2 protein chains.
Amino acid sequence: MRIPRVPNVVIRRLVLYLRTLVDMDIRSDENLFISSQELGERAGVTAAQVRKDLALFGEFGKQGVGYHALSLMRELQAILKVDRDIAVGLVGAGELGMAMTRYNIRRYNQNPDYLFRMAALFDIDPEKIGKDVEGVPIFPVQEMEERVRELNIQIMTIAVPAAVAQEITDMVVRSGVKAILNFAPIKLTVPSDVHLYSADVSLDLQQLAYYL
Amino acid sequence: MRIPRVPNVVIRRLVLYLRTLVDMDIRSDENLFISSQELGERAGVTAAQVRKDLALFGEFGKQGVGYHALSLMRELQAILKVDRDIAVGLVGAGELGMAMTRYNIRRYNQNPDYLFRMAALFDIDPEKIGKDVEGVPIFPVQEMEERVRELNIQIMTIAVPAAVAQEITDMVVRSGVKAILNFAPIKLTVPSDVHLYSADVSLDLQQLAYYL
């Protein structure tokens, strides 16, 4: 049922649909159905868009009843490949890095549908190396390649100062990681087979500013 | 030229176009034109989508030449209402809140097109109240309503633990702020005239997981 090349914007909406379902705590009701209208309203898109997006993957809601919520959630998790644990690493155990790590650990421990497991932190500060954050060890950046292989790290989060972010990114690429989440406020360059996503709080603020 | 109700998804794309232009550092070339093709590629959408979105606001690129980059940036800033300073507050001067604050201050000081100015922090910890973060004062949450008025705070960022996030949100709403950026990992309820946007790093991670 997988369509080979799904546009990024569709993936982004599927992620929103999935989050909406996870937030609705639908596990408690095995017989819950949700209409494209309701799902769209909660996710902030039109009902027609919901139907169009889900039809891409062969998901057709029943006329007048909608989608079986739990099945749809499982299906979206499979499409988005978040139906298994994914080991996440983070470079830069500074203020932002530590906050992100604690947030992720808490989320992972509390929600069985949150599958991003913090596996390792990397830093250059000898004061930090060898310590741990709620059980997640801090390694020297020099050990990145080795630890990525050993721990099967699939996504690396970058939370280092902008000035060294490209250098660190090159190191992450050399370690074999194919997905990078960047928090440094700078445009990074990666090879075409590496997927880079830059989180940017200014995007969230700009989005809000429109509604002032 | 403003269309009264622009769908959220269009606004989100306009924000991406604007960020793309800001990242391209187009100020250095007053005569730069950018095609819908190039803008789309950099922003991750199709050229047709770019043309359709911008046509909504009466922006028509010249055939074979594209859009005048600097004018388009100014136009997008005006549409998105980020052509003036916007005072931002933050509740919860913990690890995440401090990291966010420092990031915003640095961004604001370094980029003349970044217009979100940190105006105040709020916390309940007597150890923190009265101190400041790079010149931004930390006030007791009890003073929120007064400080919002005094400093004309238009966006409030929430970086408090999930357990108290709704209570704090109610307080923010009472203070008269109409736009809230939430970092607490919990679904919040606000009146219909308040715009809430929940940042969620798990969305970024899920987006990336698809490409593994």
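The shown structure was predicted, so the numbers you read here are calculated from the model rather than taken from an experiment.

What counts, and where the lines are drawn
Residues numbered from 1 in each chain as written. Chains lettered and ligands numbered in written order. Predicted model: local features only at pLDDT ≥ 70, side-chain atom pairs only at ≥ 80, totals over all residues. Heavy atoms only, no water. Domains from an automatic or database assignment. Contact = heavy atoms within 4.5 Å. Buried area = accessible area lost by both parts, 1.4 Å probe. Helix = DSSP H or I, 4+ residues; strand = E, 2+ residues; numbered from the N terminus. Buried < 20%, exposed > 50% of the residue type's maximum accessible area, 1.4 Å probe, protein only. Pairing = 2+ DSSP bridges. Polar contact = N/O pair within 3.5 Å; in protein donor to acceptor, adjacent residues only side chain to side chain. Right-handed = clockwise from strand over helix to strand, strands pointing away. Phe/Tyr/Trp six-rings, centres within 6.5 Å; stacked < 30°, edge-to-face > 60°. Axes fitted to C-alpha atoms, helices over the stretch in contact; angles between N-to-C directions. Least-squares fit on C-alpha atoms with pLDDT ≥ 70 in both. Core = buried A, V, L, I, M, F, W, Y, C linked by side-chain atoms within 4.5 Å.

**Some remarks on the domain arrangement of chain A**
Interfaces are often sized by the amount of accessible area the parts lose when they come together.
Residue and element names in this part refer to chain A.
Then step 1. Taken domain by domain, chain A comprises domain 1 (8-79) and domain 2 (86-205).
Then step 2. Taking the mean C-alpha position of each, domain 1 and domain 2 sit 30 Å from one another.
Then step 3. Facing the seven residues of domain 1 at the interface are five residues of domain 2.
Then step 4. Interface of domain 1 and domain 2: buried area, both sides summed, is about 430 Å²; carbon and sulfur atoms make up 38% of it.
Then step 5. Among the residues domain 1 hides against domain 2, the three largest losses belong to Arg12, Val22 and Arg27. Together they make up 65% of the total.

**Focus on the environment of Met100 of chain A**
Then step 1. Mapped onto the fold, Met100 of chain A is located in helix H5 (residues 95-110).
Then step 2. Considered as a pair, Met100 of chain A and Thr157 of chain A are 57 residues apart in the sequence and their alpha carbons are 9.3 Å apart.
Then step 3. Residues within four places of Met100 of chain A in sequence aside, it is in contact with Leu90, Thr157 and Phe183 of chain A together with Val201 of chain B.

**Some remarks on the pairing of strand S6 (residues 136-140) of chain B**
A regular strand carries its side chains on alternate faces of the sheet.
Residue and element names in this part refer to chain B.
Then step 1. For S6, the tally of buried residues reaches four of five residues, placing the bulk of the element in the interior.
Then step 2. Two elements, strand S4 (residues 116-123) and S6, share three bridges in a ladder whose sense is parallel. The partner of Phe122 across the bridge, within S6, is Phe139.
Then step 3. Where strand S5 (residues 132-133) and S6 come together, two bridges link them in antiparallel fashion. When the sheet's bridge partners are listed, Asp132 is paired in S6 with Pro137.
Then step 4. In sequence, S5 turns back onto S6 through a hairpin of two residues, with Glu134 there showing a positive phi of about 45 degrees.

**Quick word on the interface of chain A and chain B**
Then step 1. Between chain A and chain B, the residue contacts involve 59 residues of the former and 59 residues of the latter.
Then step 2. Here chain A and chain B share an interface that buries about 5800 Å² over both sides, 64% of which is from carbon and sulfur atoms.
Then step 3. The interface formed by chain A and chain B includes two residue pairs in polar contact (both at pLDDT 80 or more).
Then step 4. Looking at the side of chain A that touches chain B, the elements that each hand over two or more residues are helix H1 (8-23), strand S3 (86-91), H5, strand S7 (153-158), strand S8 (179-182), strand S9 (195-198) and helix H8 (201-209) of chain A.

**Considerations on the pairing of S4 of chain B**
Residue and element names in this part refer to chain B.
Then step 1. Summarising burial for S4: seven of the eight residues are buried, a large majority.
Then step 2. Relative to S4, strand S3 (residues 86-91) runs parallel, the two sharing six bridges. Its bridge partner being in S4, Val88 is matched across the sheet by Met118.
Then step 3. The β-α-β motif built from S3, the intervening helix H5 (residues 95-110) and the parallel element S4 has right-handed crossover chirality.

**Points about the packing of aromatic side chains**
All names here are of chain B.
Then step 1. Under the counting rule described, the total for this entry stands at two aromatic pairs over all chains.
Then step 2. Measuring from centroid to centroid gives 6.0 Å for Phe122 and Phe139, while their planes differ by 40 degrees, and the two rings are tilted. Taken together, the residues span a long stretch of sequence, with Phe122 in strand S4 and Phe139 in strand S6 at a distance of 17 residues.

**Considering the sheet that holds S5 of chain B**
Then step 1. Here we have seven strands laid out as an open sheet, ordered S5-S6-S4-S3-S7-S8-S9 (chain B), and mixed in their pairing. Edge positions in the open sheet fall to S5 and strand S9 (195-198) of chain B, since each of these has one partner strand only.
Then step 2. Packing against the sheet, H8 of chain A makes contact with S3, S4, strand S7 (153-158), strand S8 (179-182) and S9 of chain B, and its axis sits at approximately 155 degrees to S8 of chain B.

**Some thoughts on the relation of the copies chain A and chain B**
Then step 1. Superposing chain A onto chain B takes a rotation of 180 degrees plus a shift of 0.0 Å along the axis, which leaves an RMSD of 0.0 Å. Classification of the inter-copy transformation places it as that of a two-fold axis.

**Focus on the nonpolar core**
Then step 1. By size, the foremost hydrophobic cluster in this structure holds 54 residues, and its most contacted members are Leu14, Tyr17, Leu21, Leu54, Phe116 and Leu121 of chain A.
Then step 2. It is H1 of chain A that contributes the most residues to this core, eight residues altogether.
Then step 3. Apart from residues no more than four positions distant in its own chain, Leu21 of chain A is found in contact with Ile26, Ile34, Leu39, Ala69, Leu72, Met73 and Leu76 of chain A.
Then step 4. Listed in part, the 53 residues of the second largest apolar core include Val201 of chain A together with Ile34, Val50 and Ile79 of chain B.

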